[in-house]
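# Chains, contacts and geometry: an overview
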Amino acid sequence: MSTALRGKNKLSLWDSLLTSPEVIERLRREAAAPSPAHAWLFCGSAGADPARAALVFAASLLCEQTDPNSRGCGVCKSCVTVLNGSHADVTDFRTEALSISIEQARDLVVKAQDRPAVGRHRIIICEDAQRMPERTSNVLLKAIEEPPAHTIWILTAPAPTDVLITIRSRCRTVLLPVPGVERVAQALISQGADEQTAAAIARMTLGDVSLAQLLLSSPEARARFERLPRTVLSLRSVAQAMDAASKLLDAASSTAEQMSAARNERERAELLAVLGIAEGERVPAHMRAQIKRLEDDQKRRAKRVQTDSLLLAVSQILSVLRDVLALQLGTGAPLVNAHALEQLQAWADASTPAANLERVHTVETALKRLRTNAQPRLVLEGLLTRFIQH
């Protein structure tokens, strides 16, 4: 991302957002306004990256450019510190657990009362607001409805309906469209991908820039991503379905372990150092509660990563059904999983659109259950048995 000042042939933070010109223009006008709205809800799928949009908006609200229309420059101290997470007036909160607790919400409410230390506003960003249970949402309600004059709340969620109506009715909603395949491909090409690879990955990831970048950087992740449609479309027995469910769970657990191992070790070493305990030394009884608290936090984080990995896999299964229906109905729409064309066509020839629409409902139900406390293995096994063909 360029950090040049906005101007002719120059880029700003706004240019780094792969979203519609209408959305960018709306946010730029609000960032330039003397009194911006006090509460916002940025909505979009992972591909639309609402968290990135919220951070750019926060940086622009605090940008030091004297011309309000130039805010979001990307080079002033405020823009830089907001983006790297060190600005004194910005709290960017994202839970690593499956839900946001009441205690965490109360901490945000307390921070929202502080006056700005160096900038024009105190900004509270709460990512994944859909992870707030009703009781947690009620803690934020009053603070969002009547915040101090200097405070701006920015919430993010996949869709407005994922947030309680009492919260979203008090926010200005920004709907972020998923970037087109062409834009994602160009972003990958700018990072060194060849045109063919960039186009294939952009198509598979349905505009999700972060996922596309992961597949570009990790051949293993890309191979696993390409293998899943073929696996689902080749199930011929209950045993195969059970085996496929186990492999999905193992892959999600492995991902969580890989992403957490180094960080867990570092956090434990840092805590032991703070407590004055040498590595390998016995932890005194009165300090064990702190070690236990850290381990519990790490387990919650690993569960979150595992769940997110499973949600991604099940969402990919949804794209498989989309491709099959496109073939059956002759829509001519480009296939997301074109690399599995042979299996897609065979499935389309052997099934009916009505049956596949029922499977779409089954996949959507599985996604909802995975977001709750449902047993992942049972959800996956029940889902994959619906794809058995004899």
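From a predicted model like this one, the values you see are computed outputs, not experimental measurements.

## A look at the overall build of the protein chain
- Within the protein chain, the regular secondary structure consists of 15 helices and five strands.
- In terms of overall size, the protein chain behaves like a compact globule, its C-alpha atoms giving a radius of gyration of 23 Å where 390 residues would be expected to give roughly 21 Å.
- For the protein chain, the C-alpha atoms occupy an extent of roughly 65 × 65 × 40 Å along the three principal directions.
- For the protein chain, contacts bridging at least 24 residues in sequence account for 70% of all contacts bridging at least 6.
- The protein chain carries 48 positive and 43 negative side-chain charges, and their two centres are separated by 3 Å.

## Examining the environment of Leu-341
- Checked against the element boundaries, Leu-341 lands in helix α13 (residues 341-350).
- For Leu-341, a relative accessible area of 42% corresponds to the partly exposed category.

## Details of the packing of helix α12 (residues 288-329) against helix α15 (residues 376-384)
- Remark: α12 packs on α15, axes separated minimally by 12 Å, with the N-to-C direction vectors making an angle of 10°. In terms of orientation, α12 and α15 fall into the roughly parallel class. When α12 is examined against α15, the residues Leu-310, Val-314 and Ile-317 are found in contact with a partner set consisting of Pro-376, Leu-380, Leu-383 and Leu-384.
- Here the contact of α12 with α15 is composed, by residue class, of seven nonpolar, no polar and no charged.

## Let's talk about the packing of helix α8 (residues 195-204) against helix α9 (residues 209-217)
- Between α8 and α9, the shortest axis-to-axis distance is 9 Å and the interhelical angle comes to 135°. Classified by the angle between their axes, α8 and α9 sit oblique to one another. Crossing geometry of α8 relative to α9 is assigned as right-handed. Where α8 approaches α9, its residues Thr-197, Ile-201 and Met-204 are matched on the opposing element by Ala-212, Leu-215 and Leu-216.
- The class makeup of the residues in the contact of α8 with α9 is five nonpolar, one polar and no charged.

## Quick notes on α8
- Within α8, the full set of buried residues consists of Thr-197, Ala-198, Ala-200, Ile-201, Ala-202 and Met-204.
- On its buried side, α8 packs onto α7 (181-189), α9 and α10 (219-233).
- Between a side-chain oxygen at the N-terminus of α8 and the backbone nitrogen of Gln-196 the separation is 3.1 Å; the capping residue is Asp-194.
- Just downstream of α8, Leu-206 is the residue with a positive phi angle, here 55°.

## Details of the pattern of salt bridges
- By the definition in use, this model includes 16 salt bridges.
- Between Lys-247 and Asp-243 there is a salt bridge, with the nearest N and O atoms lying 3.3 Å from each other. Pair noted here: Lys-247 and Asp-243 are both in helix α11 (residues 238-275), with a separation of four residues, about one helical turn.
- Given a relative accessible area of 39%, Asp-243 falls into the partly exposed group.
- Lys-292 is paired through a salt bridge with Asp-296; the nearest N and O atoms lie 3.0 Å apart. One end of the pair is Lys-292 and the other is Asp-296, both in helix α12 and four residues apart, which spans about a single turn.
- Residue class for Lys-292 comes out partly exposed when judged on its relative accessible area of 45%.

## Focus on the confidence of the model for the protein chain
- Looking at the protein chain as a whole, the pLDDT averages 88, with 96% of positions reaching at least 70.
- For the protein chain, α11 is the element with the lowest average pLDDT, namely 82, and strand β3 (residues 122-126) is the one with the highest, namely 97.

## Focus: the nonpolar core
- Ranked by internal contacts, the top residues of the largest apolar core, which has 35 residues, are Val-314, Ile-317, Val-363, Leu-380, Leu-383, Leu-384 and Phe-387.
- Taken together, the elements giving at least two residues each to this core come down to α10, α11, α12, α13, α14 (353-370) and α15.
- Considering each element in turn, this core owes the most residues, ten residues, to α12.
- Counting residues in each nonpolar core, the second largest holds 32 residues, with Phe-42, Phe-57, Cys-76 and Leu-176 among its members.

## A few points about the packing of aromatic side chains
- One pass over the structure, following the stated rule, counts four aromatic pairs.
- Taking 5.7 Å as the distance between ring centres and 35° as the angle between the ring planes, the aromatic pair formed by Phe-42 and Phe-57 counts as tilted. Residue Phe-42 is found in strand β1 (residues 39-43), and its partner Phe-57 is found in helix α2 (residues 50-62); the two are separated by 15 residues along the sequence. We note that Phe-42, like Phe-57, is buried.
- Centroid distance Trp-347 to Phe-387: 5.9 Å. Interplanar angle 35°. Geometry classified as tilted.

## Thoughts on the environment of Leu-228
- Counting through the fold element by element, Leu-228 comes out in helix α10.
- Take Leu-228: its relative accessible area is 10%, and that puts it in the buried class.
- If we skip the residues at most four places from it in the chain, Leu-228 touches Leu-248, Ala-313, Gln-316 and Ile-317.

The rules behind these values
- Residues numbered from 1 in each chain as written.
- Predicted model: local features only at pLDDT ≥ 70, side-chain atom pairs only at ≥ 80, totals over all residues.
- Heavy atoms only, no water.
- Helix = DSSP H or I, 4+ residues; strand = E, 2+ residues; numbered from the N terminus.
- Rg over C-alpha atoms; globule rule 2.2 N^0.38 Å.
- Contact = heavy atoms within 4.5 Å.
- Lys, Arg positive; Asp, Glu negative; His and termini not counted.
- Charge placed at Lys NZ, Arg CZ, Asp CG, Glu CD.
- Buried < 20%, exposed > 50% of the residue type's maximum accessible area, 1.4 Å probe, protein only.
- Axes fitted to C-alpha atoms, helices over the stretch in contact; angles between N-to-C directions.
- Parallel < 35°, antiparallel > 145°, perpendicular 65-115°, else oblique.
- Nonpolar A, V, L, I, M, F, W, Y, C, P; charged D, E, K, R; others polar.
- Left-handed = near helix turned anticlockwise from the far one by under 90°.
- Polar contact = N/O pair within 3.5 Å; in protein donor to acceptor, adjacent residues only side chain to side chain.
- Salt bridge = Lys/Arg side-chain N within 4 Å of Asp/Glu carboxyl O.
- pLDDT = per-residue confidence, 0-100.
- Core = buried A, V, L, I, M, F, W, Y, C linked by side-chain atoms within 4.5 Å.
- Phe/Tyr/Trp six-rings, centres within 6.5 Å; stacked < 30°, edge-to-face > 60°.

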